[in-house]
Amino acid sequence: MDGTVAGRRYDAALNLLDRQIIDPDGGLVANVDDLELTERDDGRLVVTALLVGPGVLGPRLGGRLGHWTVAVWRRLCAEENPKPGRIDAADISRIDSGVHLAARPDDRGVDGLERWVDEHLIGRIPGATHEPE
Amino acid sequence: MKKLFAVALGVLTAIGGFVDIGDLVTNAVVGSRFGMSLAWVVVVGVLGICVFAEMSGRVAAVSGRATFDLVRERLGPRVGLANLFASMAVTLLTFTAEIGGVALALELATSVNELLWVPVAGVAIWLVLWRVRFSEVENIFGLMGLALIVFAVAVWQLGPDWGDLWAQASSPKPPAEENWGTYSYYAVALFGAAMTPYEVFFFSSGGVEEHWKTDDLATMRSNVFVGFPLGGMLSLAIAASTTLVLLPVGVQVDTLGQVALPVAVALGKIGLAVALLGFFAATFGAACETGLSVGYSLAQYFGWQWGKFVRPRQAARFHLVLLLSTILGIAVLLTTVDPIKVTEYSVVFSAVALPLTYFPILVVANDPDYMGEHVNGRLANGLGTVYLVLVLVASMAAIPLMLVTKAGQ
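A brief look at the structure comes next.

Scoring rules and cut-offs
- Residues numbered from 1 in each chain as written.
- Chains lettered and ligands numbered in written order.
- Predicted model: local features only at pLDDT ≥ 70, side-chain atom pairs only at ≥ 80, totals over all residues.
- Contact = placed C-beta atoms within 7 Å.
- Helix = DSSP H or I, 4+ residues; strand = E, 2+ residues; numbered from the N terminus.
- Nonpolar A, V, L, I, M, F, W, Y, C, P; charged D, E, K, R; others polar.
- Core = buried A, V, L, I, M, F, W, Y, C linked by C-beta atoms within 7 Å.
- Buried ≥ 20, exposed ≤ 12 C-beta atoms within 10 Å, placed from the backbone.
- Pairing = 2+ DSSP bridges.
- Axes fitted to C-alpha atoms, helices over the stretch in contact; angles between N-to-C directions.

### Things to note about the interface of chain B and chain A
Taken together, the 28 residues of chain B in the interface contact 29 residues of chain A. Mapped by element, the contributors of at least two residues to the side of chain B that touches chain A are α4 (67-110), α5 (114-131) and α13 (316-333) of chain B. When residues in the side of chain B that touches chain A are grouped by element, the largest group, six residues, is from α4 of chain B. Grouping the amino acids of the side of chain B that touches chain A by side-chain chemistry returns twelve nonpolar, five polar and eleven charged.

### Section: the nonpolar core
Residues and elements named next belong to chain B. Among the nonpolar cores identified, the biggest contains 169 residues, and I99, V188, L190 and A351 are the most heavily contacted of them. If one sorts the elements of this core by residue count, helix α12 (residues 256-302) sits on top with 25 residues. Sequence-distant contacts of I99, defined by excluding residues within four places in its chain, comprise V118, A121, G122, I125, A287, G329, I330 and L333.

### Things to note about the environment of R65 of chain B
Take R65 of chain B: it is sitting in the loop between α3 (39-63) and α4. Look at R65 of chain B and you get buried, because 22 C-beta atoms sit within 10 Å. Residues R65 of chain B and S204 of chain B lie 139 residues apart in sequence; the distance between their C-alpha atoms is 8.1 Å. Residue contacts for R65 of chain B: discarding those within four places in its chain leaves Q20, S97 and G98 of chain A together with V59, A60 and L70 of chain B.

### Brief notes about unusual backbone geometry
Glycine aside, negative phi is the norm for most residues, and most peptide bonds take the trans geometry. Residues and elements named next belong to chain B. Unusually for a residue other than glycine, T336 sits at a positive phi of about 70°. Tracing the chain through its elements places T336 in the loop between α13 and α14 (339-365). The class for T336 is exposed, based on 8 C-beta atoms found within 10 Å. Of note, A407 is a non-glycine position whose phi angle comes to about 55°, a positive value. By secondary structure assignment, the location of A407 is in the segment after α16 (378-404).

### Observations concerning the sheet that holds strand β5 (residues 34-39) of chain A
Residues and elements named next belong to chain A. Strand order in the open sheet formed by three strands is β5-β6-β7, with antiparallel pairing between adjacent strands. Single-partner strands in this sheet number two, and they are β5 and β7 (85-88). The mean angle between the axes of side-by-side strands here comes to 35°, regardless of whether they run parallel or antiparallel. Alignment of strand β6 (residues 45-52) against β7, held across four bridges, turns out to be antiparallel. The partner of A49 across the bridge, within β7, is D88.

### Comments concerning the sheet that holds strand β4 (residues 28-31) of chain A
Residues and elements named next belong to chain A. Judged by pairing direction, the sheet is mixed, and its four strands sit side by side in the order β4-β3-β9-β8 without closing on themselves. With one partner strand each, in any of the chains shown, β4 and β8 (92-95) form the two edges of the open sheet. Within this sheet the neighbouring strands show an average axis-to-axis angle of 25°, counted without direction. As defined by bridge partners, strand β3 (residues 20-22) adjoins strand β9 (residues 99-101) across two bridges and the pair is classed as parallel. Bridge pairing links I22 to H100 in β9.

Structural data, given as structure tokens:
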């Protein structure tokens, strides 16, 4: 499962799984909950995307808790067959203690909950947009 | 000059911010029952928090990642989640105790019942978390917390027999009217109070909030190795003050007012007023720190945006957690549970949860992949390993001791 990004080899399980994903502005996006692997013609597996959200974290938790996590997530999603948040591996610019992206992800599956909480709750409290510094 | 000022400010806030409701209550109780015979635990605990705070601060400065971020990476999502639940439960309990402490300090100052102050204190804490800058919270409450130096002044004014205090401190055994069971139970509680896990979540996340880089390592170390031990001296002064005033007359501490009593005896009304200011600052500051720590740990596990370095709208889930935890803390206190009891249980459960926090930090601080040339040296690893053993012993002993001694009775 070794792959190459920017000329360096990485161990997918060690260097990618459960790492913080960071957008180009330094914003924290999500943790890498799972990886999308695709088989190449020569039979080797390559990481083609980072997957995020309860839909893919659940199976990794395993057991009844994992099962419930996925079930609750499915029930809360509007679509019939919801897909987990997906960030294309081509968008990764750098990997160090976190996974840095070259572009801000626009997949609603990645930050749906954040946007919902912002729109319906936190964004409505006075002072929610004041500058931090 | 500016650099010197920053270092001095950091050290002063580290001293003033060291003591929280757990330290206040546990040290006062221990002094009134065991004299100075448990002082060695405070010394051991303070060195322990220094060792691990330095490690977690170094990890944050070098890798830019805070503690819980790394807990999940190292332990995997499943064990990480179990760790998250346990740590969050303990931190929430501590948060509740701190809000209760603020309310009790206000009750002592105004004679208005603590239960009426609980919602006011909770809302005020939330407003600070919502609106006030991170560095301002740290500086204001850290400096105000220096008022607790009044306990050291009180001990000096009481004109103790220093030889006798030293004799008690150098003979680590229970006094005649106590037994080894309660002695060990309070040893574990004091250890838990000194090494509370939220302190490292907060310290490492605070490092990320303030954008520490490797250049800041020297400042961070001076805060830890000068500020924390001096803060620990305040803990010892509190224990010494109740040793001198309450132990001889056989009064056991079970209210916050009794913690302040020795100061009132030694220094009168002015001293008492300063002590109450210190209580307020220490508990309010720690309430902000524990509240933030709940948000930090949850957000870092899931990879959400967190922190006060962005606008609240940009960290909406993090701020929702802060809001809900404050409501939960207020609700628990409004059941009329005694905040002092909540505090006593929070320090014991902190002791139980210690290895969950300290083990992953030790592992990551040794990982050259994150740390490069800043990995643990021999001294840090030696001390870290010794403390890991101590922490495991305290963690395993805590609940059996609590059951055997009926929570220290």
